[in-house]
Amino acid sequence: MSDCNPTNTPMEIKPNYKALNLDYNYNAPCRNLIGYLMYVMLCTRPDLSTAVNILSRYTNKNNKELWQCLKRVLRYLKGSIDLKLVYKKCNYNHILSGYEDSDWGGNDMTDRKITTGYLFKLFENCTITWNTKRQTSVAASSTEAEYVALFEAVKEALRLKSPAISIHMNIKDPIVIFEDNNGCISIANKLTNHKRSKHIDIKYHFTREQVEKNVIKLNYIPTGKQLADVLTKPLPSVAFKTHRAKMCLE
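Residues numbered from 1 in each chain as written. Predicted model: local features only at pLDDT ≥ 70, side-chain atom pairs only at ≥ 80, totals over all residues. Heavy atoms only, no water.

You'll find the protein chain entered in an unreviewed UniProt entry as Copia protein, with Arctia plantaginis given as the organism.

Caption draft 1: Just the pattern of salt bridges, in detail. Tallied over the entire structure, the rule returns 7 salt bridges. Its salt-bridge partner being Glu250, residue Lys88 comes within 3.3 Å of it at the nearest N-O pair. Here Glu250 lies in the segment after helix 8 (237-246) and Lys88 lies in the loop between helix 4 (64-79) and strand 1 (96-103), a separation of 162 residues in the sequence. Between Glu209 and Lys213 there is a salt bridge, with the nearest N and O atoms lying 3.0 Å from each other. Here the salt bridges share partners, and the residues they tie into one network are Lys133, Glu152 and Lys155. (Salt bridge = Lys/Arg side-chain N within 4 Å of Asp/Glu carboxyl O. Helix = DSSP H or I, 4+ residues; strand = E, 2+ residues; numbered from the N terminus.)

Caption draft 2: Spatial organisation of unusual backbone geometry. In this structure, Phe123 takes a positive phi of about 55° despite not being glycine. Residue position: Phe123 is located in the loop between strand 2 (115-122) and strand 3 (126-134). Since its relative accessible area comes to 25%, Phe123 is described here as partly exposed. For Asn214, which is not glycine, the phi torsion reads 65° and is therefore positive. Looking at the element boundaries, Asn214 is found in the loop between helix 7 (206-212) and strand 5 (216-220). (Buried < 20%, exposed > 50% of the residue type's maximum accessible area, 1.4 Å probe, protein only.)

Caption draft 3: How the structure looks around helix 2 (residues 30-43). When the terminal C-alpha atoms of helix 2 are compared, their 20 Å separation across 14 residues agrees well with the 20 Å that a helix rising 1.5 Å per residue should span. Turning to helix 2, its buried residues number three or more, namely Cys30, Leu33, Ile34, Leu37 and Met41. Along the axis of helix 2, the buried residues cluster in a sector spanning 100°; they form a single face. In helix 2, the exposed positions that point more than 90 degrees away from the buried face belong to Arg31, Tyr36, Tyr39 and Leu42. (Expected span 1.5 Å × (residues − 1). Arc of directions from axis to C-beta.)

Caption draft 4: Main features of the packing of aromatic side chains. This structure, assessed with the given rule, holds 5 aromatic pairs. When the centroid spacing of 5.6 Å and the interplanar angle of 80° are considered together, the rings of Tyr76 and Phe240 count as edge-to-face. Of the two residues, Tyr76 is situated in helix 4 and Phe240 in helix 8; the sequence distance between them amounts to 164 residues. Note on accessibility: Tyr76 and Phe240 belong to one class, buried. (Phe/Tyr/Trp six-rings, centres within 6.5 Å; stacked < 30°, edge-to-face > 60°.)

Caption draft 5: Local environment of the side chain of Thr127. Relative to the elements of secondary structure, Thr127 occurs in strand 3. A residue is classified by how much of its surface remains accessible, and Thr127, at 0% relative accessible area, is buried. Looking at Thr127, its side chain comes within polar contact range of the main-chain oxygen of Met247, at 2.7 Å. If we skip the residues at most four places from it in the chain, Thr127 touches Leu85, Tyr87, Leu119, Phe120, Lys121, Met247 and Cys248. (Polar contact = N/O pair within 3.5 Å; in protein donor to acceptor, adjacent residues only side chain to side chain. Contact = heavy atoms within 4.5 Å.)

Caption draft 6: Geometry of the side chain of Thr59. On the secondary structure map, Thr59 appears in the loop between helix 3 (49-55) and helix 4. Of the polar contacts made by the side chain of Thr59, one reaches the backbone oxygen of Ser56; its length is 3.5 Å. If we ignore the near neighbours within four places in the chain, the residues touching Thr59 are Arg31, Ile34 and Leu66.

Caption draft 7: View of the pairing of strand 3. Bridge analysis of strand 2 against strand 3 gives 8 bridges, and the strand direction is antiparallel. Looking at strand 3, one finds that Tyr118 is bridged to Asn131. Counting the residues that bridge the hairpin from strand 2 to strand 3 gives 3 residues, and of these Phe123 lies at a positive phi of roughly 55°. (Pairing = 2+ DSSP bridges.)

Caption draft 8: Just the confidence of the model for the protein chain, in detail. Residues with a pLDDT of 70 or more make up 93% of the protein chain, whose mean pLDDT is 90. The spread of mean pLDDT over the elements of the protein chain runs between helix 6 (residues 182-189), the lowest at 88, and helix 4, the highest at 97. (pLDDT = per-residue confidence, 0-100.)

Caption draft 9: Layout of the nonpolar core. With 37 residues, the main nonpolar core has Leu55 and Leu70 as its most contacted residues. Within the residue set of this core, elements represented by two or more residues are helix 1 (17-20), helix 2, helix 3, helix 4 and strand 4 (175-179). Once residues lying within four places of it in the same chain are set aside, the contact partners of Leu55 are Met11, Leu20, Ile34, Leu66, Cys69, Leu70 and Val73. Counting 30 residues, the second largest nonpolar core, distinct from the first, contains Val148, Ala153, Met169 and Leu218. (Core = buried A, V, L, I, M, F, W, Y, C linked by side-chain atoms within 4.5 Å.)

Caption draft 10: Looking closely at the environment of Asp180. By the element assignment, Asp180 lies in the loop between strand 4 and helix 6. Note on Asp180: relative accessible area 11%, which makes it buried. A sequence separation of 26 residues divides Asp180 from Val154, and the C-alpha atoms of the two residues are 15 Å apart. Among residues more than four places away in sequence, those in contact with Asp180 are Asp101, Glu146, Tyr220, Ile221, Pro222, Thr223 and Gln226. At 3.5 Å, the side chain of Asp180 forms a polar contact with the side chain of Thr223.

If you want it as structure tokens, here you go:
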């Protein structure tokens, strides 16, 4: 693939999930390549999170469609091989802040399980952690899907707070998490249950407790500016590149 033609994005907007689910063996090292891509994604390339997360679901298939999708990721890397996380000094309002989002219903029509994603920044300009995860449950609404994603982000925020304290970085203010669903923010900020949240698993209301303790603060952000959107599903080239730049990848 050293002489391949570069692409602007690692995945098509709507991958052929039906072909990815075909159960036949193709003579190609799909599992090995996914392992290599996962290493790159975990270390320095959050822009690969969605592609790696989706394609790793089909490693047991090892079919031709999976191999073609993996080669597209390599073509994307060919055109963006010099990208790296860059940390620059800047003015900031929040020492630690995060973005979280979900893909309600999922692109894969076989089970419609949600995909959640979050990303955290230090000093608003240094991306330090990111994650894309396919949940085991199916959400009944977009609000519930966002609430599940928020739970994952809150856990990560609390995990990040401990090492920050150990290096004498005192985070006195609440950790801000940007959310683009007003229904989700409403449920998290209200201590009383209502009909939209009665069916939601109790563990997800852990978020409410952290908001009540003033450890976490939720800020609304328009969907178009939701950075974590790129971590939940394939995006068009323009939107993908915009979010990629905001990840501090240069």
